[in-house]
Amino acid sequence: MVIDLNADLGEGFGIWRLGDDTALLDIVTSANVACGFHAGDPVTIRRTCAAAIDRGVTIGAQVSYRDLAHFGRREMEVEPEELCAEVLYQLAAVDGIARAMGGRVSYVKPHGALYNRVVRDPVQAAALIDAVADYDASLPVLTLPGSAVHQAAAAEGVPTVCEAFADRAYTAEGTLVPRREPGSVLHTAEEVAARAVRMAVEQRVRAADGSDVAVPARSICVHGDTPDAVGLARAVRDRLLEAGVVLQPFT
């Protein structure tokens, strides 16, 4: 059993700090670095990339809608060409900074509303994949099992990797419960860690309606902006290791 543990990092902006990136980088194996469209600024991106490289943590570009005001969690209607260009812009910026620090971007992960939209929308999924293919078609894209991204990526020869979310509630269809709904985000370390172990070992999760859902994932995400994110991530890591799971980046 080999699992990657990823977290959203570099989400501060200007004088505002969100989460403890340094502590989380000592726990996770992959870092989804904000690219400046939902969060993150050049200094934050540079510091996050440098810290990740120092610790041997794999860097991913976490691309988003252009939506600082709503932290990228507001679904938007964007023309495919514009969305493709904006994803390409973000990816190139973070990869450039990572390379200047002695590393590189090794994968791409959409953020927030864009992540959920491309799961079900083949048009926006294709725009996302077009951008990745234009930049570097060897870069894997993280997405949910059953996502429209898989079909779009297969058409362009872009690899995909399935992930699961230890701290998010699931629908019976295997999608994430919208954040506006009560109970969509889980905060109890014991519950989150137990879910992560079951995801890794059994590749299943209990949905909000009580049904069992298959989650064949190579990577598990813990969010960096939730209360006590470090404690949750550490509990997940410890429980996975206790269960005999090997923690290793997927790239």
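The structure we're discussing is the one just above.
This write-up is about the structure you can find in this document.

What counts, and where the lines are drawn
Residues numbered from 1 in each chain as written. Predicted model: local features only at pLDDT ≥ 70, side-chain atom pairs only at ≥ 80, totals over all residues. Heavy atoms only, no water. Phe/Tyr/Trp six-rings, centres within 6.5 Å; stacked < 30°, edge-to-face > 60°. Helix = DSSP H or I, 4+ residues; strand = E, 2+ residues; numbered from the N terminus. Buried < 20%, exposed > 50% of the residue type's maximum accessible area, 1.4 Å probe, protein only. Axes fitted to C-alpha atoms, helices over the stretch in contact; angles between N-to-C directions. Parallel < 35°, antiparallel > 145°, perpendicular 65-115°, else oblique. Left-handed = near helix turned anticlockwise from the far one by under 90°. Contact = heavy atoms within 4.5 Å. Nonpolar A, V, L, I, M, F, W, Y, C, P; charged D, E, K, R; others polar. Pairing = 2+ DSSP bridges.

Concerning the packing of aromatic side chains
Reasoning step 1: Taken as a whole, this structure holds three aromatic pairs when the rule is applied.
Reasoning step 2: Taking the centre distance of 5.5 Å and the plane angle of 85° together, the rings of tyrosine 115 and phenylalanine 165 count as edge-to-face. On the criterion of sequence distance, the pair formed by tyrosine 115 in helix H4 (residues 112-120) and phenylalanine 165 in strand S6 (residues 160-165) is long-range, its members being 50 residues apart.
Reasoning step 3: Classification of tyrosine 115 as buried rests on a relative accessible area of 3%.
Reasoning step 4: On the basis of relative accessibility, which here comes to 3%, the residue phenylalanine 165 falls in the buried class.

Topic: the packing of H4 against helix H5 (residues 122-136)
Reasoning step 1: Contact geometry for H4 and H5: axes closest at 6 Å, N-to-C directions at 115°. In terms of their interaxial angle, H4 and H5 are classed as roughly perpendicular. As for the relative orientation of H4 and H5, their crossing is left-handed in sense. Residues Leu114, Arg117, Val118 and Arg120 of H4 form the contact with H5, whose own contacting residues are Pro122, Gln124, Ala125 and Leu128.
Reasoning step 2: Tallied by class, residues from the contact of H4 with H5 come to five nonpolar, one polar and two charged.

Quick notes on the pairing of strand S2 (residues 30-34)
Reasoning step 1: In terms of burial, S2 is largely enclosed, as five of its five residues are buried.
Reasoning step 2: Burial of the side chains of S2 extends over both faces: Ser30, Asn32 and Ala34 are buried on one face and Ala31 and Val33 on the other.
Reasoning step 3: Across four bridges, strand S1 (residues 2-9) lies against S2 in parallel orientation. Bridge assignment links asparagine 6 to a residue of S2, and that residue is serine 30.
Reasoning step 4: Here five bridges tie S2 to strand S3 (residues 58-63), and the two strands are oriented parallel to one another.

Details of H4
Reasoning step 1: Most of H4 is tucked away, with seven of its nine residues classed as buried.
Reasoning step 2: Within H4, the full set of buried residues consists of Gly112, Ala113, Leu114, Tyr115, Arg117, Val118 and Val119.

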